[in-house]
Amino acid sequence: MERILLNRLMYRLQDRLSPHLYGFLPQRSTHHCLVDLYSRLSRDSVVAFVDLQSAFDIANRDIILDQLVNFGIKGNLLRWIRGYLSNRTSRVFFSGVYSPRRSFHLGTPQGGVLSPFLFNVLMHRLLTSLPNIPGTTITCYADDICVHSSSPRDLQRFLDSFYVASSHCGIILSPDKSRIFSCRPPQALPDFTIGGTVIPLCFQYRYLGAPVKISAVPPARRQGHPFVRDLLDRLQHRLAPLQWLTNNSSGISIHVARTVYITFIHSVVDYLSPALIQLSRTALEPLEKFQNRAMRVILGCPMSTRIVNMQRELGLPPLIERIYSNVTRLTVKCLHFPQLSPHYSQLVRTSLRPNSPVPPILRGGRALIKSVSSMLRSLNLDVLVAEVPPTPPPWVLPMPEVSFTPTSRSDPPYLQLQLALEHVATVTSSITAPYHLYTDGSLQSDGAAGGAVYSPDLEPPPGGWVGRHLRDHSSSTLCELFAILDAVSLVCQRGVNAVIICDSKPALQSLSSVRPTQSTGVQLILSFLALLLHRNLTVIFIWVPSHVGLRHNTTVDRLAKEACHLPPRGDCRPLSLTCYLSRVCTAAFLPVRRRRDAERPYSVSINHYESVCRLKYSYRHRGLMVRRHNVVSARLRLGYRQQWQVAGLEGEPPFAECRLCHSPRSDTIEHYCLECPTVRHLLPQGQPLDVVC
């Protein structure tokens, strides 16, 4: 019930809340607060980090309800929320005994789904009552508040107003836990006060878990950057449990170990990416070595295993590239939705112009802007501002009716075709006078994209059944969705019942997803479906595999491929946010590919691993001795290098021949697993040794 109320509140109030709020809101995160601060810090900056005392516990419910009334919330929705906040009781269970119940008249229910959003409503009341002082900005993530100013006098004026406004909203400030940070000399700063109490001054502060000021490593220092050293200590404490869990005899499987690493260790580096990108690649090298050690722990492989093989096996890019990719992804989101971080977005767009001026901010912030801008230029990524069309309320949008053909690739081809035809006929019989529409999207190797619609029994539109050319480098799912969008809009224009047949399962699944990957296209499709439902028209989607041989599926596939080479229309759809992000993620793996290509001519391990990867393989998840089995399989897949290969001996050593068939220079894992005739007849035909093991 709370989620239903939250869904309605978010739709009504999300665009009306203060833009300085970043907590518990979609598409906003702590990273937006960090990059906004890093892009503002200069030598003249004075920053106040204000702490709220028991923020959630003493939130005034009457003020929250009053602000909801000001927003126009009324009727049943307001009564539900008032009932949710009223008559809240609590008790303690200790040593098998319950304490008496106690009523609370302040605060939002701890752990409630609605509580964070209601606290945002209270903070909106506070932020909108503050004065607008030029050069002074405030960023609020839950109860972590950052006030930035270039003038000490303006900052004190703002703090005085903040103290008065917080008193009116029932919020208590804590001057002892608040801090003032500045790059100015301490003697040049006055005393800053809140309610007559002086706020302590600091020279370094962790805002939302990340350091505010990132300094470069002095040339004389050899032990590395102190921030990186502290981070490595934290990561090492988290790696120790993983080492214990990956005991080679009875530990967890490789898939589980990889999941533990990503969620428990890798996530710490991802969170601190906006701070780490301000350092040089040389300063970040210890983190890369740490990930290499962690990959050997996960796979159970020796030190001689090639790093590029381990990265490909686990699907992990180099950690430094991952850091740059994370911040670039965040920047793409800010450029696509500039209202999330207007100042940072403007700085990045300015730096992308030729001969752009150097922003007057600290060295760390300039390094962040420069690194992101260079990566965007290298990808030739021109991020356009999103055009979000108005959509009906989410509770009005219908749930699409999607039916999947009950078949699989293991069925014989003739059976798959028969099942597809029977399924289409069964669904068609449940609708009155339906028309059949076939949709398909196409993405070519050169990045050209297109989509098409075809119907054998519906009158073609003006110009015939011609597909639409989409923006290059669109994703395949986006092509499929816009083909479905054209089909639904055509059905809406004709006002008929329809059966839309599509061969993309991800596109059809995204129509029913709570958080679809291509949200703009899905919202447009659902808006048309809501209009069709209002007209009492029926549309059913059917998934049919593309390889079953349906005649009209082949026709629409040809139209989609031809559409990739058509001239773009005036209404050519821009790339979606997902397409931008996928290109950034793909770029993180490019250094691995280049390194693998450079090392392949003289690396036995890389050639062996690529030979093994031609056949699909999945590690065992269940059964006895799973960990030991996984480690043996990983070592066989990734390949050993024999002593004569590691030494790089010239000529042909006498001990380099196969010990079974005596072939010259064949004392290698690749030969024993794939080529040795003595072993080949012992193995199932077409399967290498690692699959048998």
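The structure displayed is predicted, hence computed values, not measured ones.

What counts, and at which threshold
- Residues numbered from 1 in each chain as written.
- Predicted model: local features only at pLDDT ≥ 70, side-chain atom pairs only at ≥ 80, totals over all residues.
- Heavy atoms only, no water.
- Salt bridge = Lys/Arg side-chain N within 4 Å of Asp/Glu carboxyl O.
- Helix = DSSP H or I, 4+ residues; strand = E, 2+ residues; numbered from the N terminus.
- Pairing = 2+ DSSP bridges.
- Axes fitted to C-alpha atoms, helices over the stretch in contact; angles between N-to-C directions.
- Phe/Tyr/Trp six-rings, centres within 6.5 Å; stacked < 30°, edge-to-face > 60°.
- Buried < 20%, exposed > 50% of the residue type's maximum accessible area, 1.4 Å probe, protein only.
- Contact = heavy atoms within 4.5 Å.

**Q** Sorry if this is basic, but what is going on with the pattern of salt bridges here?
**A** Taken as a whole, this structure holds 14 salt bridges when the rule is applied. Here Arg637 and Glu313 are joined by a salt bridge, their closest N and O atoms 2.9 Å apart. Linking Arg637 in helix H23 (residues 626-638) with Glu313 in helix H11 (residues 307-314), this pair joins segments that are 324 residues apart in sequence. Residue Arg596 pairs with Glu610 through a salt bridge whose shortest N-O separation is 3.5 Å. A residue pair is termed long-range when its members are at least 10 positions apart, and Arg596 in helix H21 (residues 590-599) and Glu610 in helix H22 (residues 604-612) qualify at 14 residues. Among the charged side chains, a salt-bridge network with shared partners connects Arg596, Asp597, Arg600 and Glu610.

**Q** Can you help me understand the sheet that holds strand E19 (residues 539-543) in this one?
**A** Working definition: the strands of a sheet are paired by backbone hydrogen bonds and lie parallel or antiparallel to each other. The sheet built from six strands is open, its strands ordered E14-E19-E18-E15-E16-E17 with mixed pairing. Here the strands that pair on one side only, and so sit at the sheet edges, are strand E14 (401-404) and strand E17 (468-470). Adjacent strand axes in the sheet meet at a mean angle of 25° when their direction is disregarded. Examined bridge by bridge, strand E15 (residues 435-443) and strand E18 (residues 498-502) share five bridges and lie parallel to one another. Its bridge partner lying in E18, Thr439 is registered against Cys502.

**Q** What am I meant to see in the packing of aromatic side chains here?
**A** Geometry of an aromatic ring pair is reported as the spacing of the ring centres plus the angle between the planes. By the definition in use, this model includes nine aromatic pairs. Taking 5.3 Å as the distance between ring centres and 40° as the angle between the ring planes, the aromatic pair formed by Phe49 and Tyr207 counts as tilted. Of the two residues, Phe49 is situated in strand E1 (residues 46-51) and Tyr207 in strand E12 (residues 206-207); the sequence distance between them amounts to 158 residues. Owing to a relative accessible area of 3%, Tyr207 belongs among the buried residues under this scheme. A ring pair is formed by Tyr454 and Trp465, whose centres lie 5.9 Å apart and whose planes are at 70°; its orientation type is edge-to-face.

**Q** What is the right way to look at the sheet that holds strand E11 (residues 201-202) in this model?
**A** An order of E6-E7-E1-E8-E11 is seen for the five strands of this open sheet, with the pairing classed as mixed. Of all strands in the sheet, those bounded by a partner on one side alone are strand E6 (136-141) and E11. Of the strand pairs in this sheet, E1 and strand E7 (residues 144-149) are connected by six bridges, and their pairing is antiparallel. Paired with Ala48 across the strands is Val147, a residue of E7. Packing of helix H2 (residues 30-38) onto the sheet brings it into contact with E1, E6 and E7, and relative to E6 it is tilted by some 160°.

**Q** Explanation requested: unusual backbone geometry in the structure shown.
**A** Trans peptide bonds make up the majority, and among non-glycine residues the majority have a negative phi. At Ser95, a residue that is not glycine, the phi angle is positive and equals roughly 55°. In this fold, Ser95 is placed in the loop between strand E3 (93-94) and strand E4 (97-98). Classification of Ser95 as exposed rests on a relative accessible area of 62%. Phi at Asn380 is positive, roughly 55°, even though this residue is not glycine. By the element assignment, Asn380 lies in the loop between helix H14 (363-378) and E14.

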